[in-house]
Structure formats: structure tokens, C-alpha cells
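# Structural description and commentary
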Amino acid sequence: MFEKVLIANRGEIAVRIISALREMGIKAVSIYSTPDKPSRHVQLADESYELTGPPNKVYLDGSQIIEIAKKSGAEAIHPGYGFLAENAEFAEACAKAGITFIGPKPDVIRRMGSKVESRRVMEAAGVPVVPGTLNPVTSVEAVKELGVQYGYPLAIKASAGGGGRGLRVVRKEEEIESALSGAQREGSSYFGSGEVYVEKYLDKPRHIEIQILGDTKGNVVHLFERDCSSQRRHQKLLEESPGANLSPALKQKMFDAAIAGAKALGYTSAGTIECLVFGEEFYFLEVNTRVQVEHPITEAITGIDIVKEQIRIAHGEPISFKQSDVSVRGHAIECRINAEDPFKQFMPAPGKITTWSEPRGAWVRVDSACYQGYEIQPFYDSLLAKLIVWGRTREEAIARTKIALKDFVIEGVATTVPFHLLLLEDKSFVEGKIDTMFVERDFKKVLIEKANEFPKPIPAVKEAAAPVANAQVKRIGPRNFEVNVNQRSFTVAVTELVEGKEPVAQQASVSAPKAPAVKAENNGHSGDVKAEMHGLVKELHVKEGQEVSIGQKLLIFEAMKMESEILAKKAGIVKNIKVKAGETVESATVLLVLGDK
Ligand code: MV4
């Protein structure tokens, strides 16, 4: 077995991997960004190395990480999830450096990174895929023909995408043009490929995924399913296993398909086959070539340590059990405890944890890198802890989860604990009748109705310096608004700065949990259309001298990896275009000037 393994990750998953390594008698090497030094993944490792560079980039710096692995004498790297976990080039670079990447083969990661290719592989293996194209689509005409063939709605998806990015829904023919170019542009800018494909868009699906393990001896097993339908804006919030109300026949078909797919791929690690489910039908969606956040619920119902199996497989050992050795025992629920305020559109709430007291008990597991006094870093996702609870039945698991949530005391920052308590009380959830749109569609009103039943968290808002010198400036707000740009919603916090009775300025900050923020605004008074953030002019949609009407699209602007359409706030004439498509501009740059007619 390996003697030393480096963990190319942070936070709770790094802690989780360290516990598997300790049990296996393997030394754990951790890495950390400068602000992550106080994290538990650093304290628990046998050796830790500080990464050099900006905190939001260093965990992606493959060459620096490989250098540290060599220096420390680590023989293998576990990438966890996110960061470099599904980066085929990194997996290849590890091999080149003589270090074992704990994951599937680079070629498998690369092929599954292409959603068109993964659809082809699954189709060839006899797995039902969502009706649609097996090749990239490039023209509006081609999409129109698919609209005739399949009917609307259609989904146009970036082939290199996933997790909802680069996904556009088309409900009628007129929307094709902008959806196609939008998905292509998002694909190019986020994933480096503008390749898109088309599927029939299926409304109100359940998201059911199958955990698989494959080894280098050709063995493939499944570890049953997880239901991840409780999500908001493609961020999962609560997962359970087994899924409620799934017939044994449907499940068996899904397990068989997952194994056939994994065998066709030559899959050699832990992986997940994501599917959409409607009644007794299921369709393959994506393969995730990493250990997933929600893997502990599968561990709870099977007793299998998925991370240990991954490490054994990477070392060339066979899976430690046979399919016939595993069965489902009971029911498990995972709640993702995020530093987000569920009563303020899940706004991220970084800050210092002043109280941290974890629930305990025979049926409770908490995976976390936090502790009392820990300061949540704004650079990373807002997951503070995963609460995993087991029961013999779904009812028992729900009852125990509610008690554990009530016993979880976190003060100093807002968390998603109240969301989970309310969801576990909800009739639709209790009856096991929720789909992927439930939280956004039906549950919003519950959060609004019940907000008063929970104590207000102590806000962790830092006061901004008053922008007007020598003036009595008072802050009103911030007030939160939900705005929609290109079918994505953002939470916008607006603070009015008031001098006497007159507002003197408005400060706006935009955030969307895990989805980067975009804001570019045109100032109605002067006609100057300004970039409010550093960003990129993607497309210009007007020419100098052109008349524009109110609401007309002027340009497409990208900031923090998100695109937005900048629309004319008034009718007028484009007087002066100061930028070119492809140009990067600083915050407050005038992009163009709108004059009166
Ligand atoms: C879909 C779909 C309906 N029809 N594709 C969203 C993320 C990405 N992994 C795929 N997604 C979807 N693809 C077709 N043809 C609905 C979703 C979807 C979804 C999928 C899984 C979990 C949550 C979701 C939430 C909204 C939409």
C-alpha cells in the first residue's frame, strides 16, 4: 500500500480523506492557502505545506501541487471533489511525475468531460439517454429541425458543461437563436469549448444518481442510488438514500445500466451515473468521475468506505467486496449545512463562527473542517458541515435528522439549518414527492411564511466607509432583491446612503451562491453606459449613430465568469462606442454613450 498520500483539497473532504488514510496506516500530506492555515485539514495531517499564490487560485495550481507531492515523498494524490478532481491534464501530469492520481484514467475523465461523448458511450452500452443529438449542433436551422422532431421545450447544453452551466431552455422557435449563441458563448468562456448539443427538455425530473466502483481487475459494482432532487439553482441541499417511492424494477434497471456504462468505459475508481427520473422512466444525464459530496449517505446504508476503496483501487487492489456482499440497510439523509441565509435568498454569510456545537448520537455523522472560533473564508464554497443521519426506515431517519438539526448550534453566521428543518416538516417531502424544481417552485413561500419562527442570525456585515467626506451619511439597508439575467437569478444587496433625507448614492453588490456575480449598469442620467465591475465586452449589438429603444440589447458583458445582457435604460441614439468586442475593461469604464434623439 502507499506510505504517503497528498490531499489536493481543503475543508471537510480533506478531513474525510485524512480519516481514511489514518485508518489505512498511510501518512497524510495536506496543502493549504494562506488563509486556510487554521483549517482542521491542516491540523489533522501528518505534514502540511503552504501554497504560494492567491487563495482563490492555489488549489487549482497543479504544477505547484505536484512539486509539493514530490518534495514530501507522497506516492499518490487524492483530489477530493471540485478543484482538480475532474481535470484530465492534471491526472496526466501526475502520471508523468510518477505520482498515482486517485481517480479514473485521464482518458476516461476527458471523455466524460464531453457530454456529447458520454451520451455516445452510454447509448452504445444500451443505457437510455435523454432523446436528443449524439453529435454537436452548430446551426439555428438544425435546432429548428430538432424542435419539429422532438417538440418543445428543448435544452441546448454546452458539451463541456455540467451542473447547470451552459444550459439554455428553448420553449419556442423564436428563442433558438439567442439560446444557441448563449450556450455556445458560455461553453467557450467557462469550459474552453463552444460545442453544444440538444436534448428534449424534460420538465420536473427527479435527480437520481447511482454510485459505482470499478477496479483495475475489471470488476464493477454499484452501491445503489441517491436522490438529490432537493436543490436550488443546481446546488444540492439535501440528499437521501435510498430514494423514496422508486420501484425495485426501476432501480434494478438503473443499477444494470450504470454497471454496463461503467464497464463500457473501463471505469477504475469511484464514480456516479446521474439520471433524470420520471415515474418508471429514467434517462442518463452525466457521469461524475470523482468522489461526490454526498458519498456518506451511501456509506451509511452499505457500510462500505468509498474513499478507502478508491485508494485501494488506485494502488491496484481489487474492490474489497462482491456485489452479492452488499445490501441496503436502512435509510440515510445528508443535510448540507452552508453558511448561507435561507431567508435571504441563500445569500452567502461569511464571518466568524462564535459558537459551534455538533449534534452527537449513535446515528449521527458530521463531516466538517470547522470549529468554534473558525473564520469562514469567502474564497471557497460555503459548505460548513455535512450532517448525515441514519435510521432503519425513512421515517426514523427524518425524525432523527430533525433532532440532530435542533442540536446543531452554530452562532455568528447564518446557516441553512432552518431550511432543512422546514423541508423535513414539509408534506411533499415527507411523502417523498419532490422533484428538482420543488425548492425553487413550491418551497420559496414556506421560507417566507416561516422566517419569523427562527431567531435572526447575528449579521456578519462589515460597515463600508462613508463615501462622502464631512457629511452625515446614514446607511439604509442593505435590502435584497432577486434579479434575473439570462435565466439565472442573482441576489442583489442594495444599500442606500442617505444624507438628511436625500439619497446620495446607491451601493449595489451582487451575489449568487457559488454562481459568480455580474453587474454592469447604465447610468440613466448622463447616458453613459458603464461597466460596474472589471470584465470583458463579449459582443456589441449596436453601432454608432444607431437609434435604440428602451430595453434594447446594447452589448453582452462578462464579469466574474458570468454573462449579462446590457440593455438600454432609455431610448436614444448611440453617440459614442468606446470599447471593442473582446476588450477587457476596468470597473467604472464608460462603454458607450447614449444621446437623446
Ligand atoms: C436537463 C433537465 C431536463 N431535461 N436536461 C441541470 C444540471 C445539469 N447537470 C443537467 N440539468 C438538467 N438537465 C434535460 N434534457 C433538467 C436539469 C435540471 C436538473 C438536473 C439535475 C438536478 C437538478 C436539476 C435542476 C434543474 C434542472
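From a predicted model like this one, the values you see are computed outputs, not experimental measurements.

So, how was this worked out
Residues numbered from 1 in each chain as written. Predicted model: local features only at pLDDT ≥ 70, side-chain atom pairs only at ≥ 80, totals over all residues. Heavy atoms only, no water. Helix = DSSP H or I, 4+ residues; strand = E, 2+ residues; numbered from the N terminus. Contact = heavy atoms within 4.5 Å. Areas by Shrake-Rupley, 256 points an atom, 1.4 Å probe, with all protein chains shown as cover. Salt bridge = Lys/Arg side-chain N within 4 Å of Asp/Glu carboxyl O. Buried < 20%, exposed > 50% of the residue type's maximum accessible area, 1.4 Å probe, protein only. Near = heavy atom within 4 Å. Polar contact = N/O pair within 3.5 Å; in protein donor to acceptor, adjacent residues only side chain to side chain. Nonpolar A, V, L, I, M, F, W, Y, C, P; charged D, E, K, R; others polar. Domains from an automatic or database assignment. Arc of directions from axis to C-beta. Pairing = 2+ DSSP bridges. Axes fitted to C-alpha atoms, helices over the stretch in contact; angles between N-to-C directions.

A separate point is the overall build of the chain. When helices and strands are tallied, the chain shows 15 helices and 32 strands. In the chain, the share of contacts with a sequence separation of at least 24, taken over all contacts with a separation of at least 6, comes to 63%. For the chain, the exposed area adds up to about 25,500 Å²; of that, 51% sits on carbon and sulfur atoms.

Working definition: two side chains of opposite charge can pair if their charged atoms are close together. Inspection of the entire model under this criterion finds 41 salt bridges. Between Lys 70 and Glu 67 there is a salt bridge; the shortest N-O distance is 3.4 Å. Within this pair, Lys 70 and its partner Glu 67 are both found in helix α3 (residues 62-72), separated by 3 residues, close to a single helical turn. Judged by relative accessible area, Lys 70 falls into the partly exposed class, the value being 45%. Two residues, Arg 111 and Glu 117, come together in a salt bridge whose shortest N-O distance is 3.0 Å.

Bringing unusual backbone geometry into the picture now. Trans is the common state for peptide bonds, and a negative phi is the common state for residues other than glycine. A cis geometry characterises the amide bond from Tyr 152 onward to Pro 153, with omega recorded as 0 degrees. One can find Pro 153 in the loop between α7 (140-150) and β6 (154-162). Phi is positive for Lys 204, which is not a glycine, with a value near 55 degrees. By the secondary structure assignment, Lys 204 is in the loop between β8 (196-200) and β9 (206-214). Overall, Lys 204 belongs to the exposed group, its relative accessible area being 52%. Positive phi values are uncommon outside glycine, yet Phe 224 reaches one of about 65 degrees. With respect to the secondary-structure elements, Phe 224 resides in strand β10 (residues 220-232). Judged by its relative accessible area of 11%, Phe 224 is buried.

All right, on to the site of the ligand then. Surveying the vicinity of the ligand reveals 18 residues, the closest of which are Lys 157, Glu 199, Lys 200, Leu 202 and Glu 286. Here Glu 199 contributes a side-chain N or O atom positioned 2.8 Å from a nitrogen atom of the ligand. Within the backbone of Leu 202, one N or O atom sits 2.9 Å away from a nitrogen atom of the ligand. When the free accessible area of the ligand is taken as 510 Å², the share hidden by the protein chains comes to 94%. Mapped by element, the contributors of at least two residues to the shell around the ligand are β8, β12 (270-278) and β13 (281-288). Taken together, the residues that form the shell around the ligand break down as 7 nonpolar, 6 polar and 5 charged. When residues of the shell around the ligand are assigned to domains, at least three fall in each of domain 2 (131-200) and domain 3 (206-453).

It is worth spelling out helix α4 (residues 88-96) at this point. Every buried residue of α4 is accounted for by Ala 88, Phe 90, Ala 91 and Cys 94. Axial view of α4: buried residues confined to an arc of 165 degrees, hence all on one face. Packed against the buried residues of α4 are α3, β4 (76-78), β5 (100-101) and α5 (106-113). Of the residues flanking the start of α4, the one acting as N-cap is Asn 87, its side-chain oxygen 3.1 Å from the backbone nitrogen of Glu 89.

This part takes up the pairing of β10. Most of β10 sits inside the fold, with 13 of its 13 residues counted as buried. The pairing of β9 with β10 spans 6 bridges and is antiparallel. Counterpart to Ile 212 in the pairing with β10 is His 222. Connecting β9 to the antiparallel partner β10 that follows it, the hairpin turn spans 5 residues, and Gly 218 within it adopts a positive phi of roughly 90 degrees.

Attention now goes to the pairing of strand β11 (residues 235-241). Summarising burial for β11: 6 of the 7 residues are buried, a large majority. Here β10 pairs with β11 via 4 bridges, running antiparallel. Bridge assignment links Arg 232 to a residue of β11, and that residue is Gln 235. What sits between β10 and β11 in their antiparallel hairpin is a turn of 2 residues, with Arg 233 showing a positive phi close to 50 degrees.

What follows deals with the sheet that holds β13. Strand order in the open sheet formed by 8 strands is β13-β12-β9-β10-β11-β14-β19-β18, and the pairing between neighbours is antiparallel. Each end of this open sheet is capped by a strand with a single partner; those strands are β13 and β18 (364-368). Recorded for the sheet is a direction-independent mean angle of 25 degrees between the axes of neighbouring strands. With 4 bridges joining them, β11 and strand β14 (residues 331-338) adopt antiparallel strand pairing. Considered in β14, the bridge of Leu 238 is made with Cys 335. Against the sheet, helix α1 (residues 11-23) makes contact with β18 and β19 (383-391), and its axis sits at roughly 115 degrees relative to β18, the strand it touches most.

Now for the sheet that holds β6. In spatial order, the strands read β7-β6-β8; together these 3 strands make up an open sheet with antiparallel pairing. The open sheet terminates on both sides in strands that have one partner only, identified here as β7 (165-170) and β8. When strand polarity is set aside, the average angle formed by the axes of neighbouring strands in this sheet is 25 degrees. Here β6 runs beside β7; their pairing, made up of 5 bridges, is antiparallel. Bridge assignment links Leu 154 to a residue of β7, and that residue is Val 170. Packed onto the sheet, α7 meets β6 and β8 and runs at close to 120 degrees relative to β6.

Here we take up the environment of Ala 362. Residue position: Ala 362 is located in the loop between β17 (355-357) and β18. For Ala 362, a relative accessible area of 66% corresponds to the exposed category. Placed 28 residues apart in sequence, Ala 362 and Trp 390 show a C-alpha to C-alpha distance of 8.9 Å.

Honestly, it's all geometry; don't read function into it.
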